[in-house]
Amino acid sequence: MLSRLTFARDTSALIEEWGKRLHLRPNIVARNALMYSLENDPALPSIQADNSLVGGKEMNLLTLLGDDQEIYLMLVIEKYNQKLSDLELAVVLNHHVGLAMKEESFLNLISGV
């Protein structure tokens, strides 16, 4: 089972920037981004391992998802109605966190604007 996730470089930078700006831990910013994107992005991302999955900050999956890790993972599986391999799960989590971190509507929401 997937235990660690490496974010893309640009996603890592945005998580760090917004965490500092909002005085939130990076895992809280990333967790909120994941949930926002899961709710708002209907498409299953293309499942490919590429260089975008390296070079950024690595985070323990338990740190990212907290004590309710199993619930968050079940939400991802339910969203796409299929079981995902570790690689697929890593790509999907990266996709959703990265997507939300680049969306003005999410950034406005998390910052209370």
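These notes cover the structure that comes with them. (Residues numbered from 1 in each chain as written. Predicted model: local features only at pLDDT ≥ 70, side-chain atom pairs only at ≥ 80, totals over all residues. Heavy atoms only, no water.)

1. Here we look at the overall build of the protein
The following threshold applies: Going along the chain from the N terminus, every DSSP run of H or I of four or more residues is numbered as a helix, and every run of E of two or more is numbered as a strand. With the radius of gyration taken over C-alpha atoms, the globule rule is written as 2.2 Å times the number of residues to the power 0.38. Only protein chains enter the area calculation, which uses a 1.4 Å probe; residues under 20% of their type maximum are buried, those over 50% are exposed, and those in between are partly exposed. Whether two residues are in contact is decided by their heavy atoms, any of which lying within 4.5 Å being enough. Per-residue and other accessible areas were derived by the Shrake-Rupley procedure at a 1.4 Å probe size, with only the shown protein chains allowed to occlude residues.
Along the protein, the regular secondary structure elements total six helices and two strands. In summary, the protein has a C-alpha radius of gyration of 13 Å against a globular reference of 13 Å for 113 residues, a match within 12%. Along the longest, intermediate and shortest principal axes, the C-alpha atoms of the protein span 35 × 25 × 25 Å. Within the protein, the fraction of its 113 residues that count as buried is 41%. Put simply, of all contacts in the protein between residues at least 6 apart along the chain, 84% involve residues at least 24 apart. If you sum the accessible surface of the protein, you get close to 6400 Å²; carbon and sulfur atoms cover 52% of it.

2. Remarks on helix α2 (residues 26-40)
Convention followed: Helix span is expected to be 1.5 Å times the residue number reduced by one.
Over its 15 residues, α2 runs 21 Å from end to end, which matches the ideal 21 Å to within 8%, given 1.5 Å per residue. When we look at burial in α2, the residues that qualify are N27, V29, A30, R31, A33, L34, Y36, S37 and L38.

3. Section: the packing of helix α1 (residues 9-22) against helix α5 (residues 86-101)
The test is simple: Only C-alpha atoms enter the line fits that serve as axes; for helices the fit covers just the stretch in contact. Angles between N-to-C directions range over 0 to 180 degrees. When describing relative orientation, an angle under 35 degrees is termed roughly parallel and one over 145 degrees roughly antiparallel, while 65 to 115 degrees is termed roughly perpendicular and anything else oblique. Left-handed describes a crossing whose near helix is turned anticlockwise from the far helix through less than a right angle; right-handed describes the clockwise counterpart. Side-chain classes are defined by residue name, with Ala, Val, Leu, Ile, Met, Phe, Trp, Tyr, Cys and Pro counting as nonpolar, Asp, Glu, Lys and Arg as charged, and the others, Gly among them, as polar.
Closest axis-to-axis distance for the α1/α5 pair is 9 Å, and the angle between their directions is 55°. In this view, α1 runs oblique relative to α5, as classed from their interaxial angle. For the crossing formed where α1 meets α5, the hand is left-handed. Residues T11, L14, I15 and W18 of α1 pack against V97, G98 and M101 of α5. Across the contact of α1 with α5, the residue classes tally to five nonpolar, two polar and no charged.

4. Some remarks on the packing of aromatic side chains
What counts, and what does not: Two rings from Phe, Tyr or Trp (for Trp, the six-membered ring) form a pair when their centres sit within 6.5 Å of each other. Planes less than 30 degrees apart are called stacked, planes more than 60 degrees apart edge-to-face, and all others tilted. Sitting over a ring, as applied to charges here, requires NZ of Lys or CZ of Arg to be within 6 Å of the ring centre and within 35 degrees of the ring normal.
Inspection of the entire model under this criterion finds one aromatic pair. When the ring of Y36 is compared with that of F106, the centres are 5.2 Å apart and the planes differ by 45°; the resulting orientation is tilted. Residue Y36 is found in helix α2, and its partner F106 is found in helix α6 (residues 104-111); the two are separated by 70 residues along the sequence. Accessibility assignment for this pair places Y36 and F106 in one class, buried. Taking the ring centre of W18 as reference, the NZ or CZ of R21 above it sits at 4.2 Å.

5. Regarding the nonpolar core
Note the threshold: Throughout this description, the term nonpolar core refers to a set of buried Ala, Val, Leu, Ile, Met, Phe, Trp, Tyr and Cys residues connected via side-chain atoms within 4.5 Å.
Counting 30 residues, the largest nonpolar core has F7, L64, V76, L93, V97, M101 and F106 as its most contacted members. The set of elements that each furnish at least two residues to this core consists of β1 (4-8), α1, α2, α3 (61-65), α4 (69-80), α5 and α6. Element by element, the count of residues in this core is highest for α5, at seven residues. Contact partners of V76, with chain neighbours within four places excluded, come to L38, L84, L89, V92 and L93.

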